[in-house]
Structures are given as structure tokens and as C-alpha cells.
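# Remarks on the overall topology
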Amino acid sequence: MPGRGPLRSIAFAAVFLTASSAATGCGRGSDESHESGSPSPSSPPGTAASPSPTPTAFSARVKRVTARDLKYSWRKGCPVAPSGLRMIEMTYWGMDRKPHPDGRLVVNAKASGDLVKVFRKLYGMRYPIRRMEPVDVYKGSDFDSIEAGNTSAFNCRNATGSTSFSQHAYGLAVDLNTCENPYVYADGHVAHKDCRKYRNRRNDDPGVIHAGDRVVKAFASIGWGWGGEWSGAKDYQHFSSSGR
């Protein structure tokens, strides 16, 4: 009809300008969000972007133990009584790059405070530990605990190849990531076939300990020595208060 043509043109122009303005505004808003760190356009108005999850903090609790708790690892005649031992329940950093709150380590009561400090340092450096269970989980079998790659401490047993008590029998030694850090006999033999590849200490897989690294220094900070520095046989998993 006469007179409606111009009105339709004006209306169309208004719609076009509105659409163009809205499109330009979205593009600019996206740029501004990227630069300022404000919520993306998909976020509801007035909401902030979700913060990154805070890493779980290290925690440790020292508990008393009884002979019942040490059914397989302690017996009468051991050089330290259950009353002289403690269970450290603590967080450790796993091979899966996640925190694990269920680590358990039985140690000499006198060393428990120092060892908490060491494992706090290991957690802070994200040193990965495969598992941390009392050797009683393996019915006192040091061999089975090693096969599992377990990190443990107290076990009333003799030192390897000796008739004398190991430092483990006093709760004054820790074996750390036992497969990645095997006991290597003087002739180069490793008893655990799945761990033999770690005889090559140039290996840099997660959990492998090297001379002078931060793990060795963490134990050295409390005066503990490392079996990787022995002459003859090398016990790369082993740290103790006496150095033996």
C-alpha cells in the first residue's frame, strides 16, 4: 500500500543496526573477558570463574601401637617393644600424581618427629611413592613387601646376609620405593626380577633415588644415611639413622 514502503525500510534498518550492535558487543566482551580474567560470556551475570582446586596439604598423625597391631612384624626378643614404636598416619604423593591420605609407617618413637619432617619435605617436592603400608600387611615378609613396591620401616628381622638385627628391627630405617630402588648385591644381582631394570642408576623414572638428590638430602637433614652410598652391595631403597 502507498506510504508503507519507507516505513518498512526504516524498520528493517533499525533491526539491522540492533543486530550488528549486539554482534559487535559480544565480540568485544569476549576480548575484555580474556584480558581481565572476568567470567566468560557463558557464565551467568555476576558470577566469578571457578578457582583452581587447592592441592591437598600434607598432614600427619602419630599414634601408639600395640603387639596386636604388629602381629607379624614383632615378637618377644625384638630389640624394641611396641611401646617404643609409633604409627605415622600421613599423606603421601602417589605415582598417579595425586595425594593419598592413607599412608602408614611404623617407626621408632624417638624418630617419629624427624621422619614426619622428612616426609613433609618429600610431599612438598612431589616425590612419588607407590604405596606406604606396614609390613604386617604382607605377614611380615620383606620379600613380598618389596615385590609390591612398598615403602615401610619397622620389621623385626636380621639385616640381609647377617645374623644381627637390621636397623628396621629398631624402627630406625625406612625402605623407600623398594622396586625403583632395589638392593643390588656386590655381584650385581637383584633378587626381584621385575626390579632388575632399576639396577641401571641412570634410570630417571619417577621414584628413582640418585646420589645427592633432594630425597637423599631430606634424610641427611635429620642425620640419616643412604644405602646407595655403601661400598660393595648397594641398598638404594634404604635410609637409616646409623647409615647401615
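## Describing the confidence of the model for the protein
- With 77% of its residues at a pLDDT of 70 or more, the protein shows a mean pLDDT of 85.
- Across residues 1–43, confidence stays below pLDDT 50; counting only partners more than four residues off in sequence or on other chains, it has 10 contacts.

## Observations regarding the layout of surface pockets
- One number sums up the size of the largest pocket: a volume of about 420 Å³.
- Tallying contributions element by element places helix α3 (residues 142–147) first for the lining of the largest pocket, with 3 residues.
- Taken together, the residues that form the lining of the largest pocket break down as 8 nonpolar, 9 polar and 5 charged.
- Residue classes in the lining of the second largest pocket are distributed as 6 nonpolar, 2 polar and 4 charged.

## Points about the packing of aromatic side chains
- In the structure shown here, the tally under the stated rule is 9 aromatic pairs.
- With a centroid separation of 5.9 Å and an interplanar angle of 80°, the aromatic rings of Trp93 and Tyr123 are classed as edge-to-face. Separated by 30 residues along the polypeptide, Trp93 in strand β2 (residues 85–93) and Tyr123 in helix α2 (residues 112–124) bring together distant segments of the chain.
- A residue is classified by how much of its surface remains accessible, and Tyr123, at 4% relative accessible area, is buried.
- Each ring, one from Phe165 and one from Tyr170, has its centre 6.5 Å from the other, and the planes form 85°; the classification is edge-to-face.

## As for the pairing of strand β3 (residues 99–108)
- Judged from the 8 bridges that link them, β2 and β3 form a sheet pairing that is antiparallel. Bridge pairing in β3 places Ile88 opposite Leu105.
- Hairpin geometry of β2 and β3 is characterised by an intervening segment of 5 residues between the two adjacent antiparallel strands and by a positive phi of about 65° at Arg97.

Cut-offs used in this document
- Residues numbered from 1 in each chain as written.
- Predicted model: local features only at pLDDT ≥ 70, side-chain atom pairs only at ≥ 80, totals over all residues.
- Heavy atoms only, no water.
- pLDDT = per-residue confidence, 0-100.
- Contact = heavy atoms within 4.5 Å.
- 1 Å grid on protein atoms, 1.4 Å probe; cavity = no way out; pocket = protein on both sides within 12 Å on 5 of 7 lines; lining within 4 Å.
- Points joined across faces, edges and corners; volume = space filled by probe spheres on them.
- Helix = DSSP H or I, 4+ residues; strand = E, 2+ residues; numbered from the N terminus.
- Nonpolar A, V, L, I, M, F, W, Y, C, P; charged D, E, K, R; others polar.
- Phe/Tyr/Trp six-rings, centres within 6.5 Å; stacked < 30°, edge-to-face > 60°.
- Buried < 20%, exposed > 50% of the residue type's maximum accessible area, 1.4 Å probe, protein only.
- Pairing = 2+ DSSP bridges.

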